[in-house]
Structures are given as structure tokens and as C-alpha cells.
Number of protein chains: 2
Amino acid sequence: MKQLVLLLALSGSLFLAQAQEIKEDFKPSSKNQPGQEYPQVNSQGYARFKIVAPAADSVRVSLGLGGQGGTKLEKNAEGVWMGTTAGPMDEGFHYYHINMDGGTFNDPGALNYYGSIRWESGIEIPAHDQDFYALKNVPHGHVQQVLFPSPSTETSRRAFVYTPPGYYENPSKRYPVLYLQHGWGEDETAWSNQGHANLIMDNMIAKGETKPFIIVMTYGMTNEVRMGGMRNFKIDPFQTVLVKELIPYVDSHFRTIADQPHRAMGGLSMGGMETKTITLNNPDVFSHYALLSGGTYAPEDIKDKSKVKLIFLSCGSKERPDGVKSAAVALKEAGFNAVSYVSEGTAHEFQTWRRSLHELAPLLFKE
Amino acid sequence: MKQLVLLLALSGSLFLAQAQEIKEDFKPSSKNQPGQEYPQVNSQGYARFKIVAPAADSVRVSLGLGGQGGTKLEKNAEGVWMGTTAGPMDEGFHYYHINMDGGTFNDPGALNYYGSIRWESGIEIPAHDQDFYALKNVPHGHVQQVLFPSPSTETSRRAFVYTPPGYYENPSKRYPVLYLQHGWGEDETAWSNQGHANLIMDNMIAKGETKPFIIVMTYGMTNEVRMGGMRNFKIDPFQTVLVKELIPYVDSHFRTIADQPHRAMGGLSMGGMETKTITLNNPDVFSHYALLSGGTYAPEDIKDKSKVKLIFLSCGSKERPDGVKSAAVALKEAGFNAVSYVSEGTAHEFQTWRRSLHELAPLLFKE
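What counts, and where the lines are drawn
Residues numbered from 1 in each chain as written. Chains lettered and ligands numbered in written order. Predicted model: local features only at pLDDT ≥ 70, side-chain atom pairs only at ≥ 80, totals over all residues. Heavy atoms only, no water. Helix = DSSP H or I, 4+ residues; strand = E, 2+ residues; numbered from the N terminus. Buried < 20%, exposed > 50% of the residue type's maximum accessible area, 1.4 Å probe, protein only. Polar contact = N/O pair within 3.5 Å; in protein donor to acceptor, adjacent residues only side chain to side chain. Contact = heavy atoms within 4.5 Å. Domains from an automatic or database assignment. Buried area = accessible area lost by both parts, 1.4 Å probe. Least-squares fit on C-alpha atoms with pLDDT ≥ 70 in both. Axes fitted to C-alpha atoms, helices over the stretch in contact; angles between N-to-C directions. Left-handed = near helix turned anticlockwise from the far one by under 90°. Nonpolar A, V, L, I, M, F, W, Y, C, P; charged D, E, K, R; others polar. Pairing = 2+ DSSP bridges. Expected span 1.5 Å × (residues − 1). Arc of directions from axis to C-beta.

1. Some words on unusual backbone geometry
Okay, step 1: With an omega of 0°, the peptide bond running from Tyr38 of chain A to Pro39 of chain A counts as cis.
Okay, step 2: Within the element layout of this structure, Pro39 of chain A appears in the loop between strand E3 (27–28) and strand E4 (40–41).
Okay, step 3: Unlike most non-glycine residues, Ser116 of chain B shows phi in positive territory, near 55°.
Okay, step 4: With respect to the element layout, Ser116 of chain B can be found in the loop between strand E13 (112–115) and strand E14 (118–125).

Okay, here's the thing in C-alpha cells:
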């Protein structure tokens, strides 16, 4: 099947309509459940969906070009619902779901990822730079699920801890630590499941592009806002969990270098907002700060310049890159070691944050 | 809402119909997605489902009393589909899915668990003995995701490794290892996600009921049968992965006691079949054998009795407990240290296997 579609190419504020032929080189998405043929993606970034539900009245996929309300599927002669996005999707990972007969469901073909305060379907649009987060034949670090005691929330809380390759083989070596937060509606599984933080690190360490360090990922909310309400969000409960409970647990269960110069905090989106507040509140705990699509620091935010070793600010080119760039310039002019990074062609999504981690890692814990 | 339903109590071959009043003490299942009110379970073991899909023609839940084809939901005045199982479910964890308008979907309210070669919805029926796998305020071990090199399958393969509490605090202590396999249609996530193997161990270790040991869980198939085909199943490819690739990786990346007396293998269902074949093929690798709803050994299967320290056979009372019991008797009469265990009131499901691990752990690695 070949067909012509209207490609809506949004490039900045330029709005260009052109005809593009869809290449019929569709392959199953790399985020499919084992053995599932659909959803599929092609080399141009189109996504094609197939849902078996012969008696359904309507099936729509939430993923599609912006402002078009997703992709409406059509029922074919066999009673199977199929459809292709109206244009190429951005490179990288996207959450989506199915709207069917008035309800919200997941695509039975795709794996699930926690985002938008539900386990969503996930799809991967091949990216020109996907090599940096590919699973390769290199030494791999471990991702450890830990359950740490949290007296303040009266439960055991979960974190994932990445220990780099070589951690076992060098039993007396100690490592710096990056505390890395997810965004709103996500949880502590995001950075390793959809972010591939472990593979990004494994690949860079294998090439000598970054120092090995530990990454700690935990849930950035406490129970009252588990369902996503942000209006009454207060930083104190999570700050207590992170600084008073998780950090001591990590420092007593992993071979960390347990001091301020060897401790970083970063986060994406809401996790950036948390990072900003917690780093400013705790200048003697963290020395390296990273906000990924998560705001900026102003020079006057920081009381003691000597305690800050790095400020990293990033976002996608489809977000507000000027704000990130100008904030880094202002910080540099004020004497901070500030770096900005803009991910080309991506928006407020995980490809921006995978690339941001890839840029951030080599800058951390330099002596 | 109170209603009378026909309770079909299947007890062995006895078929008894009686009226039972459903108690309206339904609560969200502990396996629900965060904040989701449905599915619910009551104190008698009934499950109640709610699916929002006002335009659907029919919605059926695969879970229900045996032989009844699941539970048909009815649409109420608000367009919401609801229904309650016709009787109490067995205690413990069950996989299920939704059949809607001719397609197979998951319940948007429930968490997903890999079983039946797909990520299924999961529900937890409270069990009288659920305390032994509850999340408690005790020291917790870690569950580590490792990616180990597998030259025979030309990829990096995934395993989960449970390291017991105390593993970090005692940096010179070495531990015995149990290699523990999932069943057909499941994968390496099953024993920790739905089996709660880590919590079972944490709780027993806290009470001094078992020696601490390491548990290794990996995927028990190689790619050609990933989609579940068992007819052409050959043990060789997985045996190579386990014995030649995974064991050396574990012994070189964890503090194991790397010898036959301190290495056990166990598995549930298909994993029991694999355990039987691999232990018999490799008498110098494993010393403790455990088949959980996964067949039996006969005395003549084993060539050198002196190499076998334990044979553990178990199943649910709703399976074939006589076969398991008589096999253990025959093994004992032949001079083996054989133990049988029957889980009361459970079938070929995870509650049987959680209880089996709980019974097995204290028997392992006794000197």
C-alpha cells in the first residue's frame, strides 16, 4: 500500500504543507511485547497501529501530530482496526493509549511504561543517534531495586540504583552519586525503563567518555499527591525522604564517596523543579545541579557560589531553548560553571532527556 | 447492594450448590495501579470489576469460576460495565484480561504481570497467610537487574538477582545460590513481581527462619520459543545459557560460594521440567533440586545418590498432590532426603509457588 498524505512540518513557527510518500518499510516498534507485530514504525518516523476489536464502534490512538487529537483507526474488511499517523513523529520514545468505545485502554501489542499517572503504552521512533542508548556487547552495570526504610512516610519506599560495570571487580573503589528524578506522572521506573539511563552509562563507560558513577532514582512524590495533584505540592515531604532517609541508606549500602563534592542532583520536568528547590535548600549536600526541561537558576538564587561545581540546563529545541541558553549565559557571566544543551528536533519527551543525560555525564565529578 | 448468588464450590470431585450472601466489604485489589478503585475484592474472595467503555457491545473478564468462561459484565445506567465473580476465587494472585468487542485488552485499573506470553492484568485475593509475603519494616535485600553476556545466543540476556539483607554490611561473607525458574508464558520478572520472592526471603531472614542465600532468576527460553511453542522445545540452548554463561557471570559478579554443594535449582511448572532435566544432566553443578508443580523425580533417575542433598516436590491441593506425595515417599525409601509439600486450597497458580518457596527456603543449604 502506497499513499500520499499531507505532511504538516512544524519547524519553529513555520507552517509548511507538502506531499510526502510514505515508505512501506514498517517494522515492529522496539518497545513491543515479545512477538507482537504491531505497532510498527517506518524509516521516516510514521507509526502504524493495528487493534483487533471487530465489534468496536470507534478506535483512536492518542499518538499523532499535535493538535489533531491523535490518529483515528479505520476498520478493514476483516474487522481489524488500522491506521497510520498523519505525519512523522519526533525521534525517540512516546507514551500513548487507545480510546475505544468511550474508554481508555492500552495497545495489547506494546509494552507499558508509567507516565501520565498510569501505565501507558510505549512506542519507539528510531532516532539517528539511537546508538548511544542501544543494548551492546559491553560490560553492563546492574540496576538494583532497593526498599529503604522511610520513617517519615511510615513505609518502605522503592528506589533503583545503577551501579556501574567494575563495581564488583573493584571491591575497594568508591563512587560519586547522581540522584536523578523523573517527571510528573512518572515514577522511579522511568529513567531505566524508558530513559535507558543504565545503557547510556554502560556505553559511555565502555568508551571512556565518562567517569563511572552511581545513579539513584526514586519516586519524587509522597502519597498525598500520588494521583498527580500539583496545586498543593510541597517539597518538604519528598525533601525529607531524599535527604534524611534515602541518602543515608545509599551511603550505608553502596560504596559511595559520601560527601558534598561527590553528590549531584538532577531531574526532568517536575523533577527539575524539585532539584532546584532541594539543591538550593541543601547547599552542603549537593555540588552538581542539573535541570532537564525543568527550569533554570538565576545567579542570585545561589548564596555561596563556591559550593556549586556545575549547573547544567537543557531542553528540547521544541520547548523554550532560548530561556535555557540565556540562563546559562547569565550564570557563566556571574562566574558559575554553567552549561546549556538543546536537543535538536525534540520536545518535552524522553529523547530530550536521554540526550541530556548523555551530555551531562561527562561533565560530572571532574576534579 | 446485597444479592444472593449461586456458589459453585468445587471441592475435589464434589459439586455443591449453595446460596451465599456476598459481603459488601469490597476494597481495591493490592495489585491495582496507583489510586485506582477497581478491580475490588471482598473478604470472601469475590472479585468485582468496573470498566468504562459506554459504547462497547460486550465486556467480559477472563477471571471467574472454572468452566464458566469468566465473568460477564453488565452495563449500568451511567454506561459503566460492572460485574462480580459468581463465587469466591482461590486465595492469592491471578492473571486475567478483558474480552471486549471481540478483542483482548487489559483492565486499565490493574497492574500488569507477564504471563500467558503477554503482559496480563493481575489481581490479588487476600489470603489467610498473606503475612509471609507482605512488605514489612524489616531489612530488605536488593533485586538487581543484570545483563549478562551470552555468546551462544549472541546477545546480552537479563537476569534478576536477589541479594539478601546484610550482603553489603558483611563484605567478606559469601552466599549459596538458588537458581529459580518461572513457568511457561512467564519470564524472569515473575518470581519477584508476582511471586514476591524477595519479600518472602526478607521476612524469613528477619525471623531467623532461613539462612540468607542469593536467588537468581532468568528467562528460561531462548528466542525460537519466545512465543510459547513447546512442541519443539529442546533443553540444550537454555541449559547452555544457564550453566555455561549465567552461572559463571553470577560467580564472578556476586559473592557466591561457587561449588556444587552450595548451588540449588528450582522451578515452577515448565521451570520444574527444566530443573529436572538440567539437574540430572549436571550432577556436579547442583546439589539441591526443587520442582514446584513441575513433575517428580524417580529414584532411578539419579545416578549418584551421594551428590543430591535435597529433593523438594510440591503442588497445590487442586493439582495432583498424590503424585507429589508418593514420589517423595519413594525417594525417601530409596535413601534420598526428599520432602513433599501440598498447598491447601490452591491450584496451578502463584499462591502455590509463593508457599512452596516459603517451605523450601529453610531446607536449603543445611550443613
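Picking up where we left off.
2. Concerning the side chain of His262 of chain A
All names here are of chain A.
Okay, step 1: With respect to the helices and strands, the residue His262 is situated in the loop between helix H3 (236–253) and strand E19 (263–268).
Okay, step 2: Looking at His262, the relative accessible area reads 15%, which means it is buried.
Okay, step 3: Polar contacts involving the side chain of His262 include one to the side chain of Asp259, which spans 2.6 Å.
Okay, step 4: With sequence-adjacent residues up to four places away left out, His262 is seen in contact with Pro176, Val177, Ile257, Ser287, Phe365 and Glu367.

3. Concerning the domain arrangement of chain A
How big an interface is tends to be reported as the loss of accessible area on association of its parts.
Residue and element names in this part refer to chain A.
Okay, step 1: Segmenting chain A into domains produces domain 1 (21–126) and domain 2 (132–363).
Okay, step 2: The C-alpha-based centres of domain 1 and domain 2 are spaced at 31 Å.
Okay, step 3: Summed over both partners, the interface of domain 1 with domain 2 comes to about 1400 Å²; 46% of that surface belongs to carbon and sulfur atoms.
Okay, step 4: When residues of domain 1 are sorted by the area they lose upon contact with domain 2, Asp90, Tyr114 and Ile117 head the list and together hold 41% of the total.

4. Quick word on the environment of Glu333 of chain A
Residue and element names in this part refer to chain A.
Okay, step 1: On the secondary structure map, Glu333 appears in helix H5 (residues 321–333).
Okay, step 2: Taking relative accessible area as the criterion, Glu333 reaches 67% and is therefore assigned exposed.
Okay, step 3: Between the C-alpha atom of Glu333 and that of Pro39, which follows or precedes it by 294 residues, the distance is 48 Å.

5. Notes on the relation of the copies chain A and chain B
Okay, step 1: Between chain A and chain B, which share one sequence, the superposing operator has a rotation angle of 180° and an axial displacement of 0.0 Å; the RMSD is 0.0 Å. What the superposition gives is, in effect, a two-fold axis relating one chain to the other. Considering only C-alpha atoms, the part of chain A nearest the rotation axis is Gln144 of chain A, at 2.0 Å.
Okay, step 2: Most of the interface of chain A is mirrored in chain B, where 100% of its interface residues again form contacts.

6. Thoughts on the packing of H3 of chain A against helix H4 (residues 270–281) of chain A
The relative placement of two packed helices comes down to the angle between their axes together with the axis-to-axis distance.
Residue and element names in this part refer to chain A.
Okay, step 1: Running from amino to carboxyl end, H3 crosses H4 at an angle of 60°, the nearest separation of the two axes being 11 Å. For the crossing formed where H3 meets H4, the hand is right-handed. In this structure, H3 contributes Phe238, Gln239, Leu242 and Val243 to the contact, and H4 contributes Glu274, Thr277, Ile278 and Asn281.
Okay, step 2: Here the residues of the contact of H3 with H4 sort into four nonpolar, three polar and one charged.

7. A word on the sheet that holds strand E5 (residues 47–52) of chain A
All names here are of chain A.
Okay, step 1: Ordered by their spatial adjacency, five strands build an open sheet running E3-E4-E5-E9-E8, and the pairing between neighbours is antiparallel. Taken across any chain shown, the strands that pair with only one partner, and hence form the sheet edges, are E3 and strand E8 (74–75).
Okay, step 2: By the bridge criterion, two bridges tie E3 to E4 in an arrangement that is antiparallel. Bridge pairing links Pro28 to Gln40 in E4.

8. Observations regarding the packing of helix H2 (residues 197–206) of chain A against helix H6 (residues 350–360) of chain A
Residue and element names in this part refer to chain A.
Okay, step 1: One way to put it is that H2 packs onto H6 with a least axis distance of 10 Å and a crossing angle of 35°. Along this stretch, H2 crosses H6, giving a crossing that reads as right-handed. Note on element contacts: H6 touches H2 through Arg354, Leu357 and His358, opposite Ala197, Ile200 and Met204.
Okay, step 2: Looking at the contact of H2 with H6 residue by residue, the classes come out as four nonpolar, one polar and one charged.

9. Focus on H5 of chain A
Because each turn of an α-helix spans 3.6 residues, side chains separated by three or four positions in sequence point in the same direction.
All names here are of chain A.
Okay, step 1: Compared with an ideal rise of 1.5 Å per residue, which puts 13 residues at 18 Å, H5 spans 18 Å between its outermost C-alpha atoms and is within 8% of the ideal.
Okay, step 2: Every buried residue of H5 is accounted for by Pro321, Val324, Ala327, Ala328 and Leu331. Seen from one end, H5 has its buried residues packed into an arc of 135°, which puts them on one side. Away from the buried face of H5 by more than 90 degrees, exposed residues Asp322 and Glu333 are located.
Okay, step 3: Close packing links the buried residues of H5 with strand E21 (310–316) and strand E22 (338–343).
Okay, step 4: Two residues or fewer after H5 comes Gly335, characterised by a positive phi angle close to 95°.

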